[in-house]
Amino acid sequence: MHTRPIGLFTSAACGMAAGSTTLAITAVPALRWIALTLVIVAAARVVMAYLASECDNALGRTMRRIYPFGALAYAAIIGLAAATAILHDVEQHLQILLVGYAMTLGAGIAMGNAGRPLIAVGQMVLTFLPISLACFTVGTMPLVVLGLILPALASGLTYVTFNVFSSLMRQVRAAGESASLGQQMREQARTDPVTGLYNRTGFEAAAPAVLACVGARSQMALFWLDVRRFKEVNDMYGHHTGDRVLCEIATRLRARMPEGSICARFGSDEFLLLAPMTSRKAIEQLAGLLCADMALPMRVDGHRIESGASIGIATLCPGTPDLDQLMQNAGLALYHAKVAGRHQARFFAPSMTRDLARRKEIEAELRGAILRDELSIYFQPIMDLSTGRIRGFEALVRWFHPDKGELLPDEFIPVAEETGLIITLGNWITRTAARACASWPEDMKLAVNLSPAQISAPGAALGVLAALKEAQLDPRRLELEVTESLFVEDKHETTVFMEQLAAEGVTFALDDFGTGYSSLHYINKYPFSTIKVDRSFVSGPATGLRTEAIIRAVAEMGNTLGMEIVAEGLETSEQVEAVRRAGCTLGQGFHFSRAVPEHLALRLLEEERCMAARVLRAG
Ligand code: C2E
Ligand code: MG
Ligand code: MG
């Protein structure tokens, strides 16, 4: 097909002009018929070219098929017209017009149709050959020379045509290659090289199309997975193994991908799954399956690796396809899932946004709070349930914020844990509490709470011993309270930390027993001297015969193992009596005293000494 219509129109207009002029001038019948055919074919070619390029139907296809034959026929007619003019020796100027037009057309075709060289050469031969033959037939000297010039010119032009054609082909090939290279690079820029999933760029590019497909009866859910302990795997076994772990996770994720969903890897160990789901129930089910899949141990490079994932989930209903908001919500939900512990999935809730704002404020202010002296240690007495006397105090941190008022540890300790500030804060708490305890009677013990992050910090045990030394407190007077969350990840550092301090005489209490896994395994494996039964068993709404039976069982076990059993959260004398009967040796709670500042703790000790003295005197 003609790629440049202007060229075709010009050529057709020239053909019509030459044909009409011939018709007007000559009386030779053969030439008149040929001229008429030339005019008709020239006009027909314009129509054919139009139909071939504009119609996408059967007619257009036929036009495209026969178009090259039209071109060949047109060239042959012009060659024939010029040859007939020579043979009949028509009017001199008409001969010049027809031969001149035929030769110009032949040469022009060679250049203009170089993209289809066979047609170009065919047209040229059909134009030049009849003229050349006519020249030889007439046989005059100038015409014989012209008859010879024409084949020479044709072969030169053929050479040029094929040259132009091959350079055109090279250009077309190069353009094709660079287009496919460009496509390949675009794909690479959107793909995570380790897992073959989308990367962030790819995900952001592909997500709008998925979001647009959310139907009236479906909702879009974004699952944001954070792989637990991936950094540890990388550090322990190297990046090669780390990469294979990521691939295994990607494979598990792919196997759960609902139809029409997309998956991506973000950062080093986070994965995203954007999926159209039918119901909230289906989302919960998929989240459960993903949690279970990720928790399955894997064998990579000969290592048994147990990882697991936390999952944040946000949903989007039809009509509000805002990807940014969805990602922000899923990110927040993930944050809460991480705080809740491994293998947890959390749905986004609007309250999370408020929590986050407050958390951010706390995080920003906590650093300066220690320096500004806004933190204090309060002490809550731990009572001996058989004698009714104070056996020790638990140190509980308080933050008296100038604007927000009193902040409880449940609010700022998790923030300190996440930001790593807990190390500084924890050291300060241990030092300050140890100093206070050093001024109490020798038999008073001090209980200090420790977060898991404090224990895995390098030199943690030495830090505690240094604080004791600085306060000149006998290590045997310190009891460190830890919760079961410390053992969820079976770390070697934990054992080393506990053994090192136990060797110096520090004792350990298992805090909040009954709220976690309540595994007897930990009690057996680690050197605990005390179990603190959580207050939900003592004073919570769910207390009753069953909880009493549980306390009795724990107390029995503790007594057999020579451990102290502390009942937490005692608020009434009935509760005190119940836990005492159940076998608890120690008790702590508002019934005896709230956590109080150091000077009031001293006063409690003072009062107790006076009371004891009065009892002695009375006796
Ligand atoms: P915990 O170690 O189980 O501390 C006991 C919590 O129960 C304290 O809350 C205490 O005020 C509260 N409590 C005591 N008796 C009663 C009672 O009769 N009724 C009720 N309803 N509550 C009672 P607090 O001080 O808000 O501490 C909460 C948690 O924060 C602690 O639980 C502990 O896990 C953590 N925490 C407190 N201080 C520190 C600290 O210095 N370091 C670390 N790492 N964690 C701390
Ligand atoms: Mg405690
Ligand atoms: Mg507790």
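Residues numbered from 1 in each chain as written. Chains lettered and ligands numbered in written order. Predicted model: local features only at pLDDT ≥ 70, side-chain atom pairs only at ≥ 80, totals over all residues. Heavy atoms only, no water.

J.: Before we go on, may I ask you to explain the coordination of the magnesium ion (ligand 3) in this structure?
T.: Expected angles at a metal are 109.5 degrees for tetrahedral coordination by four donors and either 90 or 180 degrees for octahedral coordination by six donors. All of the protein donors around the magnesium ion (ligand 3) are Asp-511 (OD), Asp-512 (OD), Glu-568 (OE) and Glu-568 (OE); their distances to the metal are 2.0 to 2.6 Å. Here the donor residues of the magnesium ion (ligand 3) share one chain and are spaced in sequence as D-D-x55-E. Taken as an interatomic distance, the gap from the magnesium ion (ligand 3) to the magnesium ion (ligand 2) is 4.0 Å; Asp-511 donates to each of them. Under the relative-accessibility criterion, Asp-511 is labelled buried at 7%. Take Asp-512: its relative accessible area is 27%, and that puts it in the partly exposed class. (Donors = N, O, S within 2.8 Å, 3.2 Å for Na, K, Ca; no water. Buried < 20%, exposed > 50% of the residue type's maximum accessible area, 1.4 Å probe, protein only.)

J.: Looking at this structure, I do not really get the domain arrangement of the chain. What am I missing?
T.: Frequently, the measure chosen for interface size is the accessible area removed from exposure when the parts meet. Here the chain is described as being made up of domain 1 (5–181), domain 2 (200–348) and domain 3 (358–618). On a C-alpha basis, the centroid separation for the pair domain 1 and domain 2 is 67 Å. (Domains from an automatic or database assignment.)

J.: Even after reading the chapter, I still don't get the nonpolar core, so can you show me in this structure?
T.: In globular proteins that are soluble, nonpolar side chains generally tend to be buried together. Core analysis: the largest hydrophobic core is formed by 75 residues, its most contacted members being Phe-379, Phe-412, Leu-425, Leu-446, Leu-480 and Phe-497. With 8 residues, helix 14 (residues 422–438) is the single largest residue contributor to this core. Sequence-distant contacts of Phe-497, that is, excluding residues within four places in its chain, are made with Leu-450, Ile-455, Ala-460, Ala-461, Val-464, Leu-480 and Phe-508. Residues Ile-77, Ala-81, Val-90 and Phe-128 belong to the second largest nonpolar core, which totals 35 residues. (Core = buried A, V, L, I, M, F, W, Y, C linked by side-chain atoms within 4.5 Å. Helix = DSSP H or I, 4+ residues; strand = E, 2+ residues; numbered from the N terminus. Contact = heavy atoms within 4.5 Å.)

J.: Could you clarify how one ought to interpret the packing of helix 11 (residues 323–340) against helix 12 (residues 351–371) in this entry?
T.: A packed helix pair is summarised by two numbers, namely the angle formed by the two axes and the spacing between the axes. Closest axis-to-axis distance for the helix 11/helix 12 pair is 10 Å, and the angle between their directions is 70°. It follows from the interaxial angle that helix 11 and helix 12 lie roughly perpendicular. Taken together, the residues of helix 12 that come into contact with helix 11 (itself represented by Leu-332, Ala-333, Tyr-335 and His-336) are Met-352, Thr-353, Asp-355, Leu-356 and Arg-359. Its residues assigned to classes, the contact of helix 11 with helix 12 shows 5 nonpolar, 2 polar and 2 charged. (Axes fitted to C-alpha atoms, helices over the stretch in contact; angles between N-to-C directions. Parallel < 35°, antiparallel > 145°, perpendicular 65-115°, else oblique. Nonpolar A, V, L, I, M, F, W, Y, C, P; charged D, E, K, R; others polar.)

J.: Please clarify how the site of ligand 1 should be interpreted in this entry.
T.: Neighbouring ligand 1 are 23 residues, the closest being Arg-398, Asn-449, Asp-511, Glu-571 and Phe-590. Contacts to ligand 1 include Asn-449, whose side-chain N or O atom sits 2.8 Å from an oxygen atom. Contact with the protein chains hides 86% of the accessible area of ligand 1, taken as 790 Å² for the molecule alone. Listing elements by their share of the shell around ligand 1, those giving two or more residues are strand 9 (390–401), helix 13 (409–419) and strand 13 (507–513). Here the shell around ligand 1 takes 4 residues from strand 9, the largest share from any one element. Among the residues forming the shell around ligand 1, the class breakdown is 8 nonpolar, 6 polar and 9 charged. (Near = heavy atom within 4 Å. Polar contact = N/O pair within 3.5 Å; in protein donor to acceptor, adjacent residues only side chain to side chain. Areas by Shrake-Rupley, 256 points an atom, 1.4 Å probe, with all protein chains shown as cover.)

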